[in-house]
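Topology and contacts: notes
So you can see what is in the structure, the chains are spelled out below.
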Amino acid sequence: MNGEKLKLVGRGVAKVDGAELVTGRAKFAGDLRFPGMLYAAARRAGVAAGKIRSIDGSAASVLPGVRAVLTAGDIPGPNIIGILPPFDQPVLASEEVRYEGESLALVVAESREAARRAAAAVRVDIESWEPILDVDAALAEGCRKIHPQGNVTFSKRLIKGDVEKGFADAEVVVENTYHTSFQEHAYLEPETVVAVPGGDGRVTVYASCQSPFHIRGHIAANLNLPASRVKVIQAYTGGSFGGKDDVATEIGCLAAVAAVKLQAPVMIAHQRGESMVGSNLRHAARIHYRTGSRRDGTIVAREAKIYLDGGAYASESPFVTMKALIHAGGPYHVPNVQVECTAVYTNKTYCGAFRGFGVPQVTFASESQIDELAAKLGMDPLELRRKNALRAGQENATGQVFEQSVGLVQTIERVADQAADRRDPVRRAGADRSDAAEGRWLHGRGCACLLQGISNGAEGIDVVGASVQASQDGSVLVGVGLTDMGQGSRTVFAQIAAEVLGVTMDRITVRQVDTDSVHDSGPTVASRSTTVGGMAVYKAAGEVRSSLVKMASLMLKCEEKQVLLQDNFAVLASCAPRADNAEVRIALQEVCTAAYWTGFPLMHLAFSRAPDAQFDHETHQGNIYIAYNYGTHLMDVRIDTLTGAVEVLRHLAAHDLGRAINPLGVEGQVEGGALIGFGMAHLERIEHEGGRIQNANFADYAVPSIKDRLPTETIIVEDPNPTGPYGAKGVGEPPVAGTAAAFANAVAAATGIRFTRLPIRREDLLAALQGRNRGTAAESTPWQ
Amino acid sequence: MLLEFELNGKQTRVEAEPNLRVLDLLRDVLGLTGTKEGCGRGECGACTILLDGKAVNSCLLYAAKLQGRHVTTIEGLSGADEGAGGRGDQGDTPDLHPLQEAFLAEGAVQCGFCTPGMILSAKSLLDRNPDPDVREIEEALSGNLCRCTGYGKIVKAVQRAAERAPGSAKGEPHDER
Amino acid sequence: MKFLAGGTDLCVQIAEGALEPTLLIDISAAEELRRIERGAEGLRIGAAVTIAELLETARAAPGKPPAPASVPRCLLQGAAAIGSPQIRHLGTIGGNLCNASPCGDTLAPLIVLAGSFTLRSNRGSRVVAAEEFFLGPKATVLEPGEILQSILIPSTHLQGRSAFRMIGKRNGQAISQVNVAVWLKQEQSADSAGGGAGGTAPIQDIRIAAGSVAPIPLRLGRAERHLRGSVPDPSLLQAAARAVQEEIQPITDVRTSQAYRRSVTASLFLEVMTEVLEKQGG
C-alpha cells in the first residue's frame, strides 16, 4: 500500500451519484410512486406522560378516504423496537405514554390530507401524569418509574490508575460543572418510508435510513415474518447524522403492517414538526469535571461524572454512555482517569445517535477544563495541550496503546503554524469593517483538541461485507452493506475499487443498498464507512484483481508481477508509461471476457472485520477502537458587546485522518460537521416546557443559514492507519466536537467569562457581559 | 379549475383544485419530484421553484396563482426529459446547466436534498446579477437551508458558475482546485 | 372568507390548521393594489406590492444611474430583513401589515414614517393612521370584508432621515426578536456643507417605534420627548436609550427572553440613531 503511485485515491473526484442529485432525478423515499399507494399518519399522544385509558378510532375511520385505523392490537409481532436488547419502545403505545410524540394509532387513507385529518380525529383518553422532566427528578427517591427497571437507562465507569492518589499529587486543580442542551438533527429530508407488499408474500420497504438491516430485523419481528421475507432498500437519503434509524424502524414497521393488512403500498412521510418531536435528539448532558496537574502542566489526574438526559426510551443511550465515558479523558496521556457516566430516562423526546455520539458533549467539558487549567497555570492553552498530547506508544484513557497513526501533535503544530501566518488571514466579506466605537468589540481566540474513536469499538462486532463484480465489458459493480446518506461513501468505495482494478471512475457503479443483495454490515455510523467499509471493498477488489492479473499475464505472456492495471488497460509494467501497442497492453474489456471464458472468478465477496474490542467491562480498560481520529481546532471570534452577536473570523480544523481517499469529500465532512458543532455551541437549543417541545419548526429552532456559515479551513494530516484502506481513518464526526469546544474557549477568551452551558447564544452573551458590568453574577437562562 | 401556464419552457394545461399547493401539483399531479418538501412552512427552501424567474417557496403557492405565469423547476435546467420516472440512478447524464456542473465540481452536493432548491435560488440570482459578490450570493441563498455541507462549497460553486458563464466578468477571486 | 395576497403567512396558518377558510379571494393581481406612486401628498404604495418590488425601487436600472430612493430607508431596511428572497418575492407589504405579527418588519417603520392606511370595503373607504391600525398580536382594525388598499407616507416624512435595525437568533432568515425604527428631521445648521446636518444640529422632530416588545408595534413617545428639540449628544442618546428600555413592555417567549429584549432594544436604538445622524450621501 505505501509508496505506490495512486491514480484515484487521494484525488478530489466528484461524487459518483452527483448527476442524479443535481438534476433532481434521484428518487428519495417520498418521490416513489406505486399504483394504488396509500398514505398513513400517526395520532400522537400530545402529552408528556400518562396512562392510556382508551384509543377510539371509530370517528376517524368513517372520514372520507380513510381505509383503516390501526392500533397496537393490529401489530402481529411483539410491538417492540429498540437498538440494544432488551428493547423498550413500542411501535404503537397502548398502555402508557412516555413522551409527547408517542404514536398511539395509525390512520391509513387515500391521501396525505385525509390521513392527517383523520389522525387528528382519533379520540384518545389519557390520564395525564406529572411528567418527569430532568435527571435529578428522575433519580430522586420515590420517583415514578418511567420503565419497570427504574429510571437509570445505563450506567458505566472507566477507571484507569488511581485518581485519588493522582489528585493528592496534583499541585493545581480546576473543577467545574458543564451543561449541554438537546440538539435536533434537522436533516432537510424528514423521515419517510414506503412499504410495498409483494405477491410472493414478501414485503419491500423503501426507507430513508442508515441501517437497513437493523430496520429489516425489526420489521420482520413485528410482522411475525422471517427476516428473509422482508427486503429493505435504502432510498436516496436526505441526510441522517444518526437521526433516522429509530424512526425509520418505527415507521417502517407501521407502514409494513399497514401494507400487508391492506395489501397496498403505504407511504409514511413525516412533517417537520413531528420529525422534531417524534425522532431522536442529541442527549443533553451535565458533566462535573475536575483536572489536576503539576506546576509544570503535566496532567496527573482527571475525574468526570456525567449525566445524560436520554428521554423516554433507551435508543442508543447505552452506546452513547460508553462512548462518552471512553472519550471524556481527552486526547491526553493521563495516568489516572476516572469517569462515571449515567443515562437517565425522562418524559421527553428520546435521545439517540447524533453525529459525535457523546463525544461533543464531553469534549466541550474536557477542553473547557484544559483552558481553565492553562489560565490557572499561566500557560499558553495550545502549549498545555501539546505537552500532554497523546503520542504513539502511549496509553490512552482506556489503557490502549497505538504504535502508529497517532497524529495529534501534528495537528497541533499545523494549526499553530497556520494561525501564526499573518500573511494568509481568512476574511469573510464584511468582517473587515473598522469600528471606531471603543470597546464595542471583544476578540478572542480559542482552541480545542479532541479524539474520536473510529468504528464500533465497544458497541459490538465490527464487520462489513463488500462485493465486487467485474463484467465481461470491463465495467465493475460494487456492493457494500453501508449506506451513503450524503457523506460520500459510495464515491470513496468507487475510488478504492477503481484504484485496485485500474479502472476509470466512469466504469464503476456502486449499487444501492438493499438487504437482499449486500451483506449485513451493521449500521453506517461511527465514521466507519471509509475505514471498515473501504477495507472490505479493497479486499474484494483485490481478489477480482488477481483473476484479471492472472488472465492478463497469460495474454501478455509474462509473469503476474509484471502486470499493471491502469486506465482500463492491463499493461506490461516494464513498458509503462509509454505502452501503446498490443504486445504490451490489452484493454481490460478483453481481459475480462477472456477471464470469463477461461473460468477465472470475476466476483468476490469480502469481509473486513475489525478486531473485536477486548476490555474489562467494569473499568473499560483494554483495546476498544481500531483507530482514533485526532484533531485540533482553532477559532477566532469577534463579539458585539451591544447585541451579543458573534462573528467567527477564523476557523482552522486539523484532523489526522490517516489518509484522505477523497480530499474534496474530506473538506465537505469537516465543513459540514463543523457547522453542526457550531449550531450546538451557539445557535441551537430545543426548548421544552412541561416536557413538550416549543420550537419544533425551522423558524424558532435556529439551524445555521448560509449567512451563519463558518470560514472553516480544513487541514488534512495523514498519519497512516494500518487497519484502514490506504491508511485511512474516518472523519465524519470529529469536527462536531472540535468546533463546539473551540467556540466555547474562544468566547471565554474574548469575554473573560467561562460559559459552562451550551449553547452560548447571543442573549446569554449579552446577559453575562452586562451582568459583569453591573457586578452581578452572570446567569444564563435555565436549562430544562 | 383548468390551469394554463408555461412549465420549463413548454405550455402546460392541467386540471387542479385552485388551492392545491404548487409543490403537490408538481410532485403528485405532474410527476416532477425534483422539487422537495422539507418543512411545508416556507422556512427551508427545499421546495424552491422559479416563478417568472424569481425564487419562491412552492409550498406556500396555490395552484391558481400559476395561471399565465412561467414556472421553472430543477427538471427544466438540464437536457433531462420533463416527464416523470427516472432512468435508473446512474443512467446517462443529460447536459448539465453550468450551475449543476459547478455544484458537482466544487463538492457542493452531499445528500442532495437541498440541492434543487439551492440551484434554482442561485439561478434566480445569476440571471439578474451575473457577477455577484459573496454578500449577494449569501443573500440570494439565505432562504435555502443545508445541513450537510456547511455552505462553503455552495458559495464556491455559485462563484464558479458565474465566472464560467459566457460573457461574464471575472467575479470575486477564489481558490482554483 | 379570507383575502389572499402573497400567501406567505396565510398559507402557513392554513397548513397548520389554525385557519380553515371556506373561501379565499386572491387580490394579488389587482392592478390598483400594485402601484407605487409619488404625488403631492406623498408616496402611495399599493398593498399588494411585494416586498421584493418595494426593494427593487431602490435598485438602479441596468445602465442607468441610481434613481433617488423615494422609499424611505427605514422601510427598505425593514423590508430587506423579512424572511428570505423566496418570501420577499411572494409576500406583500399589505400582507405583512395585516398579519400584524408584532415582529413584522414593516410595522415599526411605517409608524415612524407617520404612515396612513386606506382601508376599503363595499361600504366605502376610510383612512387609519399606522399607529392606530394594530390592536394586538395578529389583530387589526380591519372589519370583515375590508381590505388594506394602500399605504401613504406623507411628503413631510419623505424628508428627514430614517433607519431600522432588527436582530434575530441567527444571521439569515431570522424572525425579529426585536426591531427598532427611527425617523427624524434635524434643523439645517448654517455651517453644514451640503448633504446632511451631521450630529450637531438639534432634532426638530423624531419618531421612534419598536416591534416585538409589546403586543403591538410600539410608538415610544416618552423616549422621543428626550430628543425632540435637543442636540443629540452622546449623553442624551444614552439617556434616550434608557428611556426606550423603560418604555417597552417585552416578554419572554420561545424566541428570546424579556431581559435580552430590554437590553438589545437599547443597543439597536443606538445603532439606528448612529446611522440616522451620520452624514448621508446624496
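The structure displayed is predicted, hence computed values, not measured ones.

When helices and strands are tallied, chain A shows 18 helices and 30 strands. In terms of overall dimensions, chain A has a C-alpha envelope of 85 × 75 × 55 Å along the principal axes. Scored against the burial criterion, the 784 residues of chain A give a buried share of 63%. Of the contacts made within chain A by residues no fewer than 6 positions apart, 80% connect residues no fewer than 24 positions apart.

Residues and elements named next belong to chain A. Under the 1.5 Å per step criterion, the end-to-end length of helix α10 (residues 359-377) is 26 Å for 19 residues, consistent within 8% with the ideal 27 Å. Burial runs high along α10: 16 of the 19 residues are buried. G378, located one to two residues past α10, shows a positive phi value of around 70°.

Residues and elements named next belong to chain C. Once the domains are mapped, chain C shows domain 1 (31-58 + 68-156) and domain 2 (176-188 + 197-277). The interface is formed by 19 residues belonging to domain 1 together with 17 residues belonging to domain 2. When residues of the side of domain 1 that touches domain 2 are traced back to their parent elements, those giving at least two are α3 (73-80), α6 (107-112) and β7 (134-136). Broken down by element, the residue count for the side of domain 1 that touches domain 2 peaks at 5 residues, all from α6.

With 51 residues of chain B in contact, the opposing surface of chain A contributes 52 residues. Listed by contribution, the elements that provide at least two residues to the side of chain B that touches chain A are α2 (98-105), α3 (115-128), α4 (134-140) and α5 (152-164) of chain B. For the side of chain B that touches chain A, the leading source of residues is α2(B), giving 4 residues. When the residues that make up the side of chain B that touches chain A are grouped by side-chain class, the tally is 23 nonpolar, 17 polar and 11 charged.

Here we come to helix α3 (residues 112-121) of chain A. Taken together, the buried positions of α3(A) are A114(A), A115(A), R116(A), A118(A) and A119(A). The secondary structure elements touched by the buried residues of α3(A) are β1 (38-44), α2 (58-61), β3 (66-70) and β5 (103-109) of chain A.

A word on the sheet that holds β1(A). All names here are of chain A. The strand order across the open sheet formed by 7 strands is β3-β5-β1-β12-β9-β10-β11, and the pairing between neighbours is mixed. Each edge of the open sheet is held by one strand with a lone partner, namely β3 and β11 (230-234). Neighbour to neighbour, the strand axes of the sheet diverge by 20° on average, direction disregarded. Two strands pair when backbone bridges link them, and strand β10 (residues 203-207) and β11 are joined in this way by 5 bridges, in the parallel orientation. The partner of A207 across the bridge, within β11, is Q234.

Let's shift gears to the environment of P215(C). All names here are of chain C. With respect to the element layout, P215 can be found in the loop between β12 (203-211) and β13 (218-219). As a C-alpha pair, P215 and S101 span 114 residues in sequence and 8.5 Å in three-dimensional space. If we ignore the near neighbours within four places in the chain, the residues touching P215 are P102, G136 and P137.

The next thing to look at is unusual backbone geometry. Residue and element names in this part refer to chain A. Note the cis peptide between P85 and P86, where omega equals -5°. Following the sequence through the fold, P86 ends up in the loop between β3 and β4 (96-97). Here the bond from L758 into P759 is cis, since omega is 0°, no more than 30 degrees from zero. Look at Q263: it is not a glycine, yet its phi comes out positive at around 50°.

Counting residues in hydrophobic clusters, the biggest one holds 400 residues, and the most contacted among them are A40(A), V107(A), A255(A), A258(A), A497(A), V537(A) and V182(C). The leading source of residues in this core is helix α14 (residues 529-556) of chain A, at 13 residues. Discounting chain neighbours no more than four positions away, the residues touching V182(C) are V112(C), S162(C), A163(C), I206(C), I208(C), V272(C), M273(C) and V276(C). Membership of the second largest hydrophobic core comes to 5 residues, among which are V174(A), I370(A), L373(A) and A374(A).

Looking now at the sheet that holds β13(C). Residues and elements named next belong to chain C. Ordered in space as β10-β11-β12-β13, the 4 strands form an open sheet in which the pairing is antiparallel. If you trace the sheet from one side to the other, it starts and ends with β10 (161-167) and β13, each paired once. In the sheet, β12 pairs with β13 via 2 bridges, with the strands oriented antiparallel. Within β13, the position partnered with A209 by the bridge is R219. Contacts from α3 reach β10 and β11 (178-186), with the element oriented near 20° to β10.

Reading the values: the criteria
- Residues numbered from 1 in each chain as written.
- Chains lettered and ligands numbered in written order.
- Predicted model: local features only at pLDDT ≥ 70, side-chain atom pairs only at ≥ 80, totals over all residues.
- Helix = DSSP H or I, 4+ residues; strand = E, 2+ residues; numbered from the N terminus.
- Buried ≥ 20, exposed ≤ 12 C-beta atoms within 10 Å, placed from the backbone.
- Contact = placed C-beta atoms within 7 Å.
- Expected span 1.5 Å × (residues − 1).
- Domains from an automatic or database assignment.
- Nonpolar A, V, L, I, M, F, W, Y, C, P; charged D, E, K, R; others polar.
- Pairing = 2+ DSSP bridges.
- Axes fitted to C-alpha atoms, helices over the stretch in contact; angles between N-to-C directions.
- Core = buried A, V, L, I, M, F, W, Y, C linked by C-beta atoms within 7 Å.

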